[in-house]
Amino acid sequence: MKKHLLLLSTAAFLGGLQPPQVIAAPDQATADISVQAESERLLSFLGEIYQQNLAVSPMLQSQQGEPGIHAEWDDISVDAKNADLAFLWQSLQKLHTDFDYDSLDADGQFNYRVLEEELKLRIERHGWRDNLYPLNQIVGLHVLIVGTLVNYHGIGSVEDAQAYINRVKTVATPIDQLIDQIKLRQDKGIYLPKHLIPRLIGGAEQSISGRPFDAESSMDNVVFSDFKRKIGLLDIPADHKATLISDAEAALKTDFGPAYRDLITALEEQKPLADDDYGVWNLPGGDKFYQFLIRQFTTTDMTPEEVHQLGLSEVDRIHGEMLKIMSKVGFKGTLNEFFTFLKEDKQFYFENTDEGRNGYLAAARDTLERMSQRMDEILPYRPPSNLVIKRFEEYREKSSPGAFYESGSADGKRPGTIYVNLYDMSGVSKVDMEALMFHEGIPGHHMQYSLINSLPEIPKIRTYEIWWSNTALTEGWALYAESYARELGFYKDPYSDFGRLAGELWRACRLVVDSGLHYKRWSREQAVDYLNENTSSPPEANYRAVDRYLAVPGQATAFKVGMNRIIEVREKARKMLGEKFDIREFHFAALRHGSISLKSMEESVMAWVRQKQAASAEK
């Protein structure tokens, strides 16, 4: 992808988003200065919270590309979690006592509301701490440890290399704390879902596969391979490189491997204790807990029943759209027979070889390059864009979703990355490829975070993703991006357009299945049967998906709820502005504040609408 530099200020492109310049009277000018100073003081407070988050999270420091030597891991002990809760309460109290809401300007009041909402949510989340599973196959600590080393721990000096080795040596500390979390819940009768445990064990085993853990393996372990590659780029004597590599190898065998094997043992011990694959309704206060999860992930007040009914109605609507495409391509048969045709016909798949995998990656890059050329129709300016697409690393490929986006660093040194699961090409359809790239790349996640990173006025605390926080806007935007690409003229192949609908159908089915498992007390088999009957996804993928929904209850509902709300707000703004509506400015208004709730997103858009109306009235 080409890099596009931001050459002019946001205001220069977005006159319609800026309040009109008015010369104030002396008293008004003094009041404005006071309001501005108070709002800047609130921004400083937000900065202090961000710095505290950095201070207690060496892993976040690495993720954010903070300068310095990062040689430690996050503390996830009970004491650390209690300290985090205390800090949240202190921050909320300080917000209420040290800042007068009425003394803030419009942006300051917006920041106040967003912070207050976020602090309250995190405090409430702590109250459900025991019900939250301590690890899962998507973002569990055992995965994050490897991901931090491989994706975020750069080695630009010998000191960086030694810090990397220290992290390898000390990995037992966070792993032991994770095991403590598992056993604390176990003592309270709270177990992981039954079929989740083998997937977690498999992921942990994959993290310690290859050399030096297995001397007979033909491949290096992913961490060992990463360390050697990064050391190879250092400008130091060969014997010094050899010493560092030897030290890393020893740390992997002596410290890293045993820590992961301890985790595997703890998971093995829970196997006979896990009753079944129950949803969270089976946990203490389960129904209230699930209602909280729906609110946390969707950032709405929808009830589980409303989520379920929305899913059912959306599934019916999308099936209707699919039937139209089926008729268009001249297929004779039922929708399920068309699903089978798409799953089995070889024309829709690359070969299950390295050549086939490279062919898929090349097609994906070409798709995003064509979309990049249309950026001027999506946003008022081109944010810096540095994107790579590659296959999932072996250690997490088997348990990973079809694709995943990892944002780059704000300074652009670490590019945004789309990881694609190419483990078995018989399950990677060409039909889905366009929608997948638009979701993860442009105009989806990559554009979203590239924009956020290009806006210095966004408080740092809202520039990085926490997987469970404000998911509805983050994932809702990416699903909206899939749909908006059609408005730009993509999906010219009807099969590709069917792939877009298949992606939307999958998210609609998630509403049904997630609420089915955790609210309506569906069994694992019921959930898999629903996906088998209503989607083109193969059974094994459906089992994997249902196990994900069991592991991370509520999260799957955020995508479709978020997309629908973004479209609702867009059409509301379009109706209010008429011919003054500019889709590029709408997109900017929806994203310009970073990671926020759907309610706050709508507030941002409505503020833009009022500014446009005021500017039009003055002409």
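Everything quoted here is computed from the prediction, not taken from an experiment.

**A word on the nonpolar core**
Within the largest apolar cluster, 127 residues are counted, with the highest numbers of intra-cluster contacts made by Phe 256 and Val 605. Beyond its immediate chain neighbours, meaning those up to four positions away, Val 605 contacts Val 569, Ala 573, Phe 586, Ala 589 and Ala 590. Grouped together as the second largest cluster of nonpolar side chains are 33 residues, Leu 335, Leu 501, Ala 502 and Cys 509 included.

**Quick word on the packing of aromatic side chains**
Applying the stated criterion across every chain, the model contains 27 aromatic pairs. Relative to Tyr 112, the ring of Tyr 101 lies with its centre 5.3 Å away and its plane at 70°, an arrangement referred to as edge-to-face. Of this pair, Tyr 101 sits in the loop between helix H4 (78–98) and helix H5 (106–127) while Tyr 112 sits in helix H5, placing them eleven residues apart in sequence. Of the residues examined, Tyr 101 reaches a relative accessible area of 26% and is grouped as partly exposed. Between Phe 338 and Phe 498 the ring centres are 4.9 Å apart and the planes differ by 90°, which places this aromatic pair in the edge-to-face class. Taken together, the positions of Phe 338 in helix H14 (residues 335–344) and Phe 498 in helix H20 (residues 494–518) put the pair 160 residues apart, joining distant regions of the chain. Classification of Phe 338 as buried rests on a relative accessible area of 0%. You can call Phe 498 buried: its relative accessible area is 1%. Over the ring of Trp 468 we find Arg 125, and its NZ or CZ is 4.0 Å from the ring centre. When the ring centre of Phe 559 is taken as reference, the NZ or CZ atom of Arg 510 above it lies at 4.5 Å.

**Describing the pattern of salt bridges**
If you walk through the whole model with that rule in mind, you get 36 salt bridges. Asp 226 is the partner of Arg 229 in a salt bridge, and the nearest nitrogen-oxygen pair spans 3.4 Å. Here Arg 229 and its partner Asp 226 are both found in helix H10 (residues 222–232), three residues apart, which amounts to about one turn of the helix. With a relative accessible area of 5%, Asp 226 lands in the buried category. Across the pair Asp 582 and Arg 584 runs a salt bridge whose closest N-O atoms are separated by 3.0 Å. A relative accessible area of 17% means that Asp 582 is categorised as buried. Connected through shared salt-bridge partners, Arg 199, Arg 524, Glu 540 and Asp 547 make up one network.

Thresholds applied
Residues numbered from 1 in each chain as written. Predicted model: local features only at pLDDT ≥ 70, side-chain atom pairs only at ≥ 80, totals over all residues. Heavy atoms only, no water. Core = buried A, V, L, I, M, F, W, Y, C linked by side-chain atoms within 4.5 Å. Buried < 20%, exposed > 50% of the residue type's maximum accessible area, 1.4 Å probe, protein only. Contact = heavy atoms within 4.5 Å. Phe/Tyr/Trp six-rings, centres within 6.5 Å; stacked < 30°, edge-to-face > 60°. Helix = DSSP H or I, 4+ residues; strand = E, 2+ residues; numbered from the N terminus. Lys NZ or Arg CZ within 6 Å of the ring centre and 35° of its normal. Salt bridge = Lys/Arg side-chain N within 4 Å of Asp/Glu carboxyl O.

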